[in-house]
Amino acid sequence: MKTGLVVEGGGMKCAYSAGILDRFLDDGITFEYCIGVSAGSANTASYLAGQRGRNLRFYTEHIHEPGYFGMGSYLKTGDLFGLHYIYATLTNSDGGDPLGMPAIRQNPAEFEIVATNAVTGKAEYFDGKKMPQDDYRLIMASCALPAACRPVRYADSVYYDGGVADSVPLQRAMDRGCGKCVVILSKPRDFVMEPQQPRWFYTWKCRKYPEIIKVLNRRHLDYRAQQEFILKKEREGSAFVFAPSRHLPMSTYAMDAKENQALYDLALADYDESREKLLNFLKGESA
């Protein structure tokens, strides 16, 4: 049975997974299967490329650049997060902070990225290692928050953020043959997701995609069920969960380098606190 890694999305809250993944690189921790959602997919890509510190720059340095986020981007491109700026202008091989795609392909780990089909409202899973060099539309699709971003055309359909339909794809990892998984959440264990707001706005913005509206309407319930499933697997010993040990004053859209750095630093501290238990879990001993 394979050992898997599951990385949740969450916008700027993914500064937490950036810290945990950097610690994995520090300790040479690898997995046979990795799956990421939304910004978690981008973080996982940098991890698989061995690019320690790259993710952190997207939460503390690049956030200040005009094309990254804001009403200017929204009015110009239709995306509150400048997906093309982040995952093309910066990320391409001739960009300001290139992704090491050749290293990802050479990494023996399987790599899947989750996106939500805008027409069906269902999660779909894609081989991240098949992304062409400098064509990262799959990551853009996985990060395209409904209403805040336009859906992204990929292959033969259009897609929204993977977290809409499968926020924490632990079940997918198990279905792919993982007997145990490390799960990185972007929110504390006691986080309670409220119904999506403002409902009128996403209903209007997503009116061409009624199945997406249905999924958004019930997302808080689906997320709660996933939380319960993850914690059940943790109690059974088949999942090891990292989650922020403290609530910090930030949000998905927090463009505050100090707040994002604090969340990254919390991840380093949480990892160091749990390191021995993690290593035992990966060796197959009691966590």
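Worth saying up front: this structure is predicted, and the values here are computed from it rather than measured.

Novice: Looking at this structure, how should I read the overall build of the protein?
Specialist: Within the protein, the secondary structure is distributed over 11 helices and eight strands. Against the 2.2 N^0.38 benchmark of 19 Å for 287 residues, the protein shows a C-alpha radius of gyration of 17 Å, consistent with a compact globule. C-alpha extents for the protein along the principal axes are approximately 50 × 40 × 40 Å. Per-residue burial for the protein yields a buried fraction of 56% across its 287 residues. Across the protein, contacts joining residues at least 24 apart in sequence account for 73% of those joining residues at least 6 apart. About 12,500 Å² of surface is accessible on the protein, with carbon and sulfur atoms providing 52% of the total. Taking the average place of the 35 positive charges on the side chains of the protein and the average place of its 35 negative ones, the gap between the two points comes to 5 Å.

Novice: What am I meant to see in the environment of Cys149 here?
Specialist: Considering the arrangement of structural elements, one finds Cys149 in the loop between α7 (137-143) and β5 (152-154). For Cys149 and Lys205, which are 56 residues apart along the polypeptide, the C-alpha to C-alpha distance reads 9.4 Å. In this structure Cys149 touches Gly78, Asp79, Leu80, Phe81, Leu83, Cys143, Ala144 and Tyr160, once residues within four positions along its chain are discounted.

Novice: Is there a simple way to explain the packing of aromatic side chains in this structure?
Specialist: For any pair of aromatic rings, the description rests on two quantities: the centre-to-centre distance and the angle between the ring planes. This structure, assessed with the given rule, holds 14 aromatic pairs. Between Phe240 and Phe281 the ring centres are 5.6 Å apart and the planes differ by 45°, which places this aromatic pair in the tilted class. Separated by 41 residues along the polypeptide, Phe240 in strand β8 (residues 239-242) and Phe281 in helix α11 (residues 257-283) bring together distant segments of the chain. Of the two residues, Phe240 and Phe281, both sit in the buried class. Put simply, the rings of Phe24, Phe31, Tyr47, Phe240, Phe242, Tyr271 and Phe281 touch in pairs and so form one group of aromatic residues. The ring of Phe281 has Lys180 lying over it, and the distance from NZ or CZ to the ring centre is 5.5 Å. In this arrangement the basic side chain of Lys187 is found over the ring face of Phe191, its NZ or CZ atom lying 5.5 Å from the centre.

What counts, and where the lines are drawn
Residues numbered from 1 in each chain as written. Predicted model: local features only at pLDDT ≥ 70, side-chain atom pairs only at ≥ 80, totals over all residues. Heavy atoms only, no water. Helix = DSSP H or I, 4+ residues; strand = E, 2+ residues; numbered from the N terminus. Rg over C-alpha atoms; globule rule 2.2 N^0.38 Å. Buried < 20%, exposed > 50% of the residue type's maximum accessible area, 1.4 Å probe, protein only. Contact = heavy atoms within 4.5 Å. Areas by Shrake-Rupley, 256 points an atom, 1.4 Å probe, with all protein chains shown as cover. Lys, Arg positive; Asp, Glu negative; His and termini not counted. Charge placed at Lys NZ, Arg CZ, Asp CG, Glu CD. Phe/Tyr/Trp six-rings, centres within 6.5 Å; stacked < 30°, edge-to-face > 60°. Lys NZ or Arg CZ within 6 Å of the ring centre and 35° of its normal.

Nothing here speaks to function; it is geometry throughout.
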